[in-house]
Amino acid sequence: MTTTYALLLRGINVGGHRKVPMADLRSVLEGLGYRDVKTYLQSGNAVFTAPADHPDDVVRQAVEAAIEKHFGFTVDCLVRDHDYLAAVERDCPFPAAELEGKQLHAFYLSGSVDEKRFAGIDEEAFRPEAFALGDRVLYLYAPDGLGRSKLGEALSRPALFKGVTVTARNWNTVRKLVELTEVAQSDES
């Protein structure tokens, strides 16, 4: 019995720093014994299967250690299974089907956060932009894209996510990871 996971790496291949070639990442994951390894884009997304008795936190720790050993630097990672990814897509409070992928983002979080962290953000001042919290995810609606988002900028303050690893993906990537993990999941059945 296996579980299909998506691996989300934080802060790699940006501006020529912390380079992690996807072919090397696939080799690292295969070296850990994971199967059906695929990568998506250069921003640090991979999909693979692992034994079902390996919880996501155990997988994350193994991957982080292997990446550090192979590349010589640490990379924060999040590991999420297909069911979780599908729930993030399904539970989106914004009309995802009506939006372009660049207008909607999921900020995946390593743990739960409560709304109190965001009490200092005056949501009305950023309209029509908006955000909402879900299960270890923050959804951001940014109609002009993340690069121009004033709310996205306000949400990127490190103090808001102290003690929590955060990595963002646009909605196109959110959907693609659901699709890739679903395919791998059904291949295992």
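Residues numbered from 1 in each chain as written. Predicted model: local features only at pLDDT ≥ 70, side-chain atom pairs only at ≥ 80, totals over all residues. Heavy atoms only, no water.

Let's shift gears to the packing of aromatic side chains. Overall, the coordinates contain eight aromatic pairs when judged by the stated rule. Their ring planes at 40° and their centres at 6.0 Å tell us that Tyr-5 and Phe-48 sit as a pair that is tilted. Pair noted here: Tyr-5 is in strand 1 (residues 2-9) and Phe-48 is in strand 3 (residues 45-51), with a separation of 43 residues, a long-range link. In this structure Tyr-5 comes out as buried when scored by relative accessible area, which is 4%. Their ring planes at 35° and their centres at 6.0 Å tell us that Phe-71 and Phe-73 sit as a pair that is tilted. Relative accessible area serves as the criterion here: at 17%, Phe-71 is assigned to the buried category. (Phe/Tyr/Trp six-rings, centres within 6.5 Å; stacked < 30°, edge-to-face > 60°. Helix = DSSP H or I, 4+ residues; strand = E, 2+ residues; numbered from the N terminus. Buried < 20%, exposed > 50% of the residue type's maximum accessible area, 1.4 Å probe, protein only.)

The next point concerns helix 2 (residues 56-71). Helical periodicity: at 3.6 residues per turn, an α-helix aligns residues three or four positions apart in one direction. If you check helix 2, its first and last C-alpha atoms are 22 Å apart, about what 16 residues at 1.5 Å a residue would give, namely 22 Å. Every buried residue of helix 2 is listed here: Val-59, Val-63, Glu-64, Ala-66, Ile-67 and Phe-71. Those residues of helix 2 hidden inside the fold are in contact with strand 1, helix 1 (22-31), strand 3 and strand 4 (77-81). Phi for Gly-72, located one or two positions after helix 2, is positive at around 85°. (Expected span 1.5 Å × (residues − 1). Contact = heavy atoms within 4.5 Å.)

Take the confidence of the model for the chain next. Counting all residues, the mean pLDDT for the chain is 92, and 95% of those residues have values of 70 or more. Mean pLDDT in the chain bottoms out at helix 5 (residues 171-188), which sits at 83, and peaks at strand 7 (residues 137-141), which reaches 98. (pLDDT = per-residue confidence, 0-100.)

Here the focus is the nonpolar core. In a soluble, globular protein the nonpolar side chains are often hidden away together inside. Counting 25 residues, the largest nonpolar core has Phe-94, Leu-104, Tyr-108 and Trp-171 as the members making the most contacts within it. Broken down by secondary-structure element, the contributors of at least two residues to this core are strand 1, helix 3 (82-90), strand 5 (104-109), strand 6 (130-134), strand 7 and helix 5. A total of five residues in this core trace back to one element, the largest contributor, which is helix 5. Among residues more than four places away in sequence, those in contact with Trp-171 are Val-88, Glu-89, Cys-92, Ala-96, Gly-101, Leu-104, Ala-106 and Tyr-139. Within the second largest apolar cluster, 22 residues are counted, among which are Val-59, Ala-66, Phe-71 and Val-79. (Core = buried A, V, L, I, M, F, W, Y, C linked by side-chain atoms within 4.5 Å.)

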